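Observations on the three-dimensional arrangement
Chain residues, written in single-letter form:
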Amino acid sequence: MKRILIPLAAFLIGSTLIASFYIGILTWAQGWDYASSQFIRDRWYVIPIILGFGIQAALYSILRFRLFIPVTSTGHAGSMTPVKGVMGASGGTSATAMVACCIHHVTDVLPILGLSAAASFLTRYQRPFMLIGLAMNLIGIGVMLFVLYRERQKLQPVLLET
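Small disclaimer: the values here were computed from a predicted structure and weren't measured.

Attention now moves to the side chain of glutamate 151. Examined against the element boundaries, glutamate 151 turns out to sit in helix α8 (residues 126–161). Judged by relative accessible area, which is 2%, glutamate 151 ranks as buried. Engagement of the side chain of glutamate 151 in a polar contact is seen with the side chain of lysine 154, the distance being 3.1 Å.

See the structure below:
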């Protein structure tokens, strides 16, 4: 039971952080009424992105803390070396998805900085940026599931011995 709490907490924290970032930027730029209306308008894009980011955080925690190793296994599985490249790849994928997801919110700040042309460009392509963010989330989830599957396959000989 304790092993499921880590990915669950990672899911909740990741989802809460990205949702707070989204609502926080919109509220800071335009106020609460605008933020809530934007969320309702874009909910079909924003909610899957938030959930996808939370799923990536949960999968990352499973890989990071090696929770895919059964509790009943012998010490052989515990002595496996960490997969360092996996952690970097999944972290990079999560960061890329976050940037792609939220880059359209830069439009709220750019007029203040005197970059109105960039603001209008990003506003015009807001939905494609959200779709790219969603695609990056799906790619990140797929990569981490593939790595998790591959790591479990490596454990099969060890699991069969017990």
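Still more to cover.
So, on to helix α3 (residues 43–64). Look at α3: 31 Å from first C-alpha to last across 22 residues, which is about the 32 Å you get at 1.5 Å a residue. Just downstream of α3, arginine 66 is the residue with a positive phi angle, here 55 degrees.

Another aspect to go through is the pattern of salt bridges. For the coordinates displayed, the defined rule picks out two salt bridges. Ionic pairing is found between aspartate 42 and arginine 41, a salt bridge with its closest N-O pair at 3.1 Å. You can call aspartate 42 buried: its relative accessible area is 0%. Linking glutamate 151 and lysine 154 is a salt bridge whose minimum nitrogen-to-oxygen distance equals 3.1 Å.

What counts and how
- Residues numbered from 1 in each chain as written.
- Predicted model: local features only at pLDDT ≥ 70, side-chain atom pairs only at ≥ 80, totals over all residues.
- Heavy atoms only, no water.
- Helix = DSSP H or I, 4+ residues; strand = E, 2+ residues; numbered from the N terminus.
- Buried < 20%, exposed > 50% of the residue type's maximum accessible area, 1.4 Å probe, protein only.
- Polar contact = N/O pair within 3.5 Å; in protein donor to acceptor, adjacent residues only side chain to side chain.
- Expected span 1.5 Å × (residues − 1).
- Salt bridge = Lys/Arg side-chain N within 4 Å of Asp/Glu carboxyl O.

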